[in-house]
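# Residue-level structural notes
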Amino acid sequence: MTDDTILLVEDNPDDEELTLRALKNNSIRNTIVVARDGAEALDYLFCTGSFSGRDANELPGVILLDLKLPKVDGLEVLRRLRADQRTRLIPVVILTSSIEEQDRLKGYGLGANSYVRKPVDFSRFSEAVRQLGLYWLLLNERPPAVLARKA
Amino acid sequence: MSTEPKTLAKQTAGNISRDALLKWRLPRSPQQRFIAVGFLAAIILRAFLFFVAYHSSTQFEKWNNLVIHTRAVLKSLEDFSSAVKNAQLAAVSYYTNGGEPQVQVFSHAVSDAHAALTRARDLSADNSNQQHNIDVLAPLADQGIDLLRRVIQLRKDGKSGPDALKPVNEDSKKISPPLVQALAATISEENRLLEIRTGEAAVAARRARFLETVGGTFAMALLVFMGILFLRENSIRANAVEQMERLNSDLENRVAERTAALQTAIEQVRKENGERLAAEAAVSKLNTELEERVHHRTVELESSNKELEAFCHSVSHDLRAPLRSIDGFSLALLEDHGDRLGDDGKAHLQRVRAATVRMGTLIDDLLDLSRITRSEMHREQVDLSQLAGTISSELRGAQPDRNVEFAIASGLQVKGDLRLIRIALQNLLGNSWKFTSKRDHARIEFGRAQTNGTSSFFVADNGAGFDPSYAARLFGAFQRLHAAADFPGTGVGLATVQRIVHRHGGEIWASSAVNEGATFFFTLEPQIHEQETI
């Protein structure tokens, strides 16, 4: 795994499938790790539970985070990874159905880098995913890995 | 409380009488001054009269003493005269009849005459005229006495008969007239004095009597008059004092009455206070209950608000997710298996996709509507004219090919929530924009209107308008008066506008006719005479 890995935190299999389809349609070939709830996402990031054998130094280039998740919700996942030295600089894009003011406020408040609403129209959804991949994986310069780990 | 005013009143009365006493020393009123002057005049007059009367009585006494003195002189002269006569009688008797006792009588008479004359001389020592008269009289008297002694001697010599007396008689005829004359002059002088002195004494006595009578009477009258005035003044004063005392007593009574009334009033107030306190306690209790109920309701409302928020959250999240799946997989079907579906199948799938997108829009509008109800109000000064101008530019920008004339009144200001008012104006102007889409010369106006004494804003257009009989449904959510094919929309816009207007305490109403355009009137602050309808 490299910095090009995308961590998709999504509990809805339809949305997962559609997101993956959109990425594929837009020729984004990066490794995509899917966590189906908040706990799994945290296990992956901190190499615990079923991910205990994973190299903790290998962190995803961007996290696509849904908010409404079983066990540990998206905002809690965000809070915990921002509180940890290792993960606090990873770009996080909140990708959700909700545009509730409170969710947006809390999301940005906890350090989200973007907040994108999933459109109902799949064409527009696909376009959004394409732009996200393009921006966060190609255009955007990620924080230096060494710094990120030492900071 | 009830005894205090009386004590006070008495002290006041005491002060007044002390003041009155002080005032007596310096009479203030003309009446009192007049009486004081009158008394003073009477006293002065009395003193003057006393002085004059004293003087008069002294004068009278002096003159009286002089009269007595004069009478004494006259008495002495009479004594002298009678002594000389006695001596003469004794001498003549001895000469005629003899007898030694007559000689002795004669001697006594002579010495009496001498003594009387000496007394007269002494008494009239102050009167030179009388001294002179006596000086004349005394030698003549001595000569007369000598003649009588010669008569006695003649008898002693044994002579008798008238012839022997002839020489004596001759001498006597020479002496007698001057002697009688001198004596008469002396007596006359003394009588003159007596007359003068008696007159003077009488004058003094009369004067004293006159002064005593007239002056005394006048002084008495003055005193009596002043006395009457004083008594009258005193009586007036006494009346005044009595009246004052009566007034004081009245005052005391009234004070006592008022105090009693006050006491009653205080009791009343105290009682009423008690009642009021009880009422207040009841009100306070009711208030507390009310507050509790309000608090309870608030808690309920907060909880239902939270429920509503949770509902909206789940609507926005959970309802949209399946829609996204339907649309997404429909598209996937079209893309991956389109060739096996045929044109009909593709068309059907497109309709499925259109419906899902439409439902997504409906859910979004519904969420917007609920958000408008729930969001907090931030009131500030809003420039409606500027806002309308901005929105009109946005509309033009979206469809630059349309020919629409905007007429926006300038300087329209209102106090309200900018964000909400912007949404309301966007909806109203957007509606006008939409419903005039079939006009060659569309006209949209925004301004202020006066209807039935109410100042309102309005958005008017010359678009499709609506049937006024459906006006009641105009502001209901998802209510549409036009076919979606003619004018697209979800039917949430006017419901949203109405909620915004109501949240500002305003009202919204519309007038229109089919194909004659529509005018929407709205206010953004409570109208006093319209509060019943709000």
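For clarity, every value in this text was computed on a predicted model and none was experimentally measured.

### With respect to the overall build of chain A
The helix and strand tally for chain A stands at six helices and five strands. Tracing chain A from N to C terminus, the helices and strands come up as β-α-β-α-β-α-β-α-β-α-α. Expressed as a percentage of the 151 residues in chain A, the buried residues total 37%. Once local pairs closer than 6 in sequence are excluded, the contacts in chain A between residues at least 24 apart make up 70%.

### What to know about the interface of chain B and chain A
Listed per partner, the contact involves 16 residues of chain B and 16 residues of chain A. Residues belonging to the side of chain B that touches chain A are distributed by class as follows: six nonpolar, seven polar and three charged.

### Details of the nonpolar core
Ranked by size, the top nonpolar core spans 36 residues in total, and within it Ala424(B), Leu425(B) and Leu429(B) carry the most contacts. Contributions of two or more residues to this core are made by helix H6 (384–398), helix H7 (418–435), strand S4 (442–451), strand S5 (454–461), helix H8 (493–503), strand S6 (508–512) and strand S7 (518–522) of chain B. For this core, the element with the most residues is H7(B), which contributes eight residues. If we ignore the near neighbours within four places in the chain, the residues touching Leu425(B) are Leu387(B), Ala388(B) and Ile391(B). Membership of the second largest hydrophobic core comes to 35 residues, among which are Ile6(A), Leu75(A), Leu78(A) and Ala112(A).

### A word on unusual backbone geometry
Residue and element names in this part refer to chain A. Phi at Ser27 is positive, roughly 60 degrees, even though this residue is not glycine. Relative to the elements of secondary structure, Ser27 occurs in the loop between helix H1 (13–25) and strand S2 (32–35). The backbone of Cys47 sits at a positive phi, close to 55 degrees, despite the residue not being glycine. Structurally, the position occupied by Cys47 is in the loop between helix H2 (38–46) and strand S3 (62–65). Using a count of 15 C-beta atoms within 10 Å as the deciding quantity, one classes Cys47 as partly exposed.

### Some remarks on the environment of Leu223(B)
Residues and elements named next belong to chain B. Summarising the element assignment, Leu223 is placed in helix H5 (residues 166–374). C-beta crowding within 10 Å serves as the criterion here: with 18 such atoms nearby, Leu223 is assigned to the partly exposed category. Separated by 185 residues in the primary sequence, Leu223 and Gly38 have C-alpha atoms spaced 7.8 Å apart.

### Details of the sheet that holds S3(A)
Residue and element names in this part refer to chain A. Spatially, S2-S1-S3-S4-S5 is the arrangement adopted by the five strands of the open sheet, whose pairing is parallel. Whereas interior strands pair on both sides, the edge strands pair on one side only; in this sheet they are S2 and strand S5 (114–117). Across the sheet, the axes of successive neighbouring strands diverge by a mean angle of 20 degrees, strand direction being ignored. Direction of pairing for strand S4 (residues 92–96) relative to S5: parallel, over a ladder of four bridges. Among the inter-strand pairings, Thr96 is bridged to a residue of S5, identified as Arg117.

### Let's talk about the environment of Arg379(B)
Residue and element names in this part refer to chain B. Tracing the backbone shows Arg379 in strand S1 (residues 379–383). Assessed through the 12 C-beta atoms surrounding it within 10 Å, Arg379 is described here as exposed. Here the alpha-carbon distance between Arg379 and Arg419, two residues 40 residues apart in the chain, equals 9.8 Å. Ignoring sequence-local partners within four residues, the contact set of Arg379 consists of Lys415, Gly416 and Asp417.

### Notes on the confidence of the model for chain B
Residue and element names in this part refer to chain B. Of all residues in chain B, 92% attain a pLDDT of 70 or more, and the chain-wide mean is 82. Of the regions scoring below 50 in pLDDT, residues 530–534 engages in seven contacts with residues more than four places distant in sequence or in other chains. Across the predicted assembly, pTM comes out at 0.46 and ipTM at 0.76.

### Some remarks on the sheet that holds S5(B)
Residue and element names in this part refer to chain B. Here we have five strands laid out as an open sheet, ordered S2-S4-S5-S7-S6, and mixed in their pairing. Both edges of this open sheet fall to strand S2 (404–408) and S6, since each of them pairs with a single strand only. Across this sheet, the average inter-strand angle for adjacent strands is 20 degrees, counted without regard to direction. Relative to S7, S5 is paired through four bridges, and the arrangement is antiparallel. Across the sheet, Ala460 pairs through a bridge with Thr519, a residue of S7. The strands touched by H7 within the sheet are S2, S4, S5 and S7, with S5 carrying the most contacts at an inclination of about 35 degrees.

### Looking at the confidence of the model for chain A
With 93% of its residues at a pLDDT of 70 or more, chain A shows a mean pLDDT of 86. Low confidence marks residues 147–151 of chain A, where pLDDT is under 50. Its contacts with residues over four positions away, or in another chain, come to six contacts.

### Observations regarding helix H3 (residues 74–83) of chain A
Residues and elements named next belong to chain A. When H3 is considered as a whole, its buried residues turn out to be Gly74, Leu75, Val77, Leu78 and Leu81. Down the axis of H3, the buried set is contained in an arc of 160 degrees. They therefore lie on one face. In this structure, the buried residues of H3 make contact with strand S1 (6–9), H2, S3, S4 and helix H4 (101–109).

### With respect to the packing of H2(A) against H3(A)
Residue and element names in this part refer to chain A. Look at H2 against H3: their axes get within 9 Å of each other, and the N-to-C directions meet at 20 degrees. Here H3 runs roughly parallel to H2, going by the angle between their axes. As for the relative orientation of H2 and H3, their crossing is right-handed in sense. Judged by residue contacts, Gly38, Ala41, Leu42 and Leu45 of H2 engage Gly74, Glu76, Val77, Arg80 and Leu81 from H3. For the contact of H2 with H3, the per-class residue count stands at five nonpolar, two polar and two charged.

Definitions and limits used
- Residues numbered from 1 in each chain as written.
- Chains lettered and ligands numbered in written order.
- Predicted model: local features only at pLDDT ≥ 70, side-chain atom pairs only at ≥ 80, totals over all residues.
- Helix = DSSP H or I, 4+ residues; strand = E, 2+ residues; numbered from the N terminus.
- Buried ≥ 20, exposed ≤ 12 C-beta atoms within 10 Å, placed from the backbone.
- Contact = placed C-beta atoms within 7 Å.
- Nonpolar A, V, L, I, M, F, W, Y, C, P; charged D, E, K, R; others polar.
- Core = buried A, V, L, I, M, F, W, Y, C linked by C-beta atoms within 7 Å.
- Pairing = 2+ DSSP bridges.
- Axes fitted to C-alpha atoms, helices over the stretch in contact; angles between N-to-C directions.
- pLDDT = per-residue confidence, 0-100.
- Arc of directions from axis to C-beta.
- Parallel < 35°, antiparallel > 145°, perpendicular 65-115°, else oblique.
- Left-handed = near helix turned anticlockwise from the far one by under 90°.

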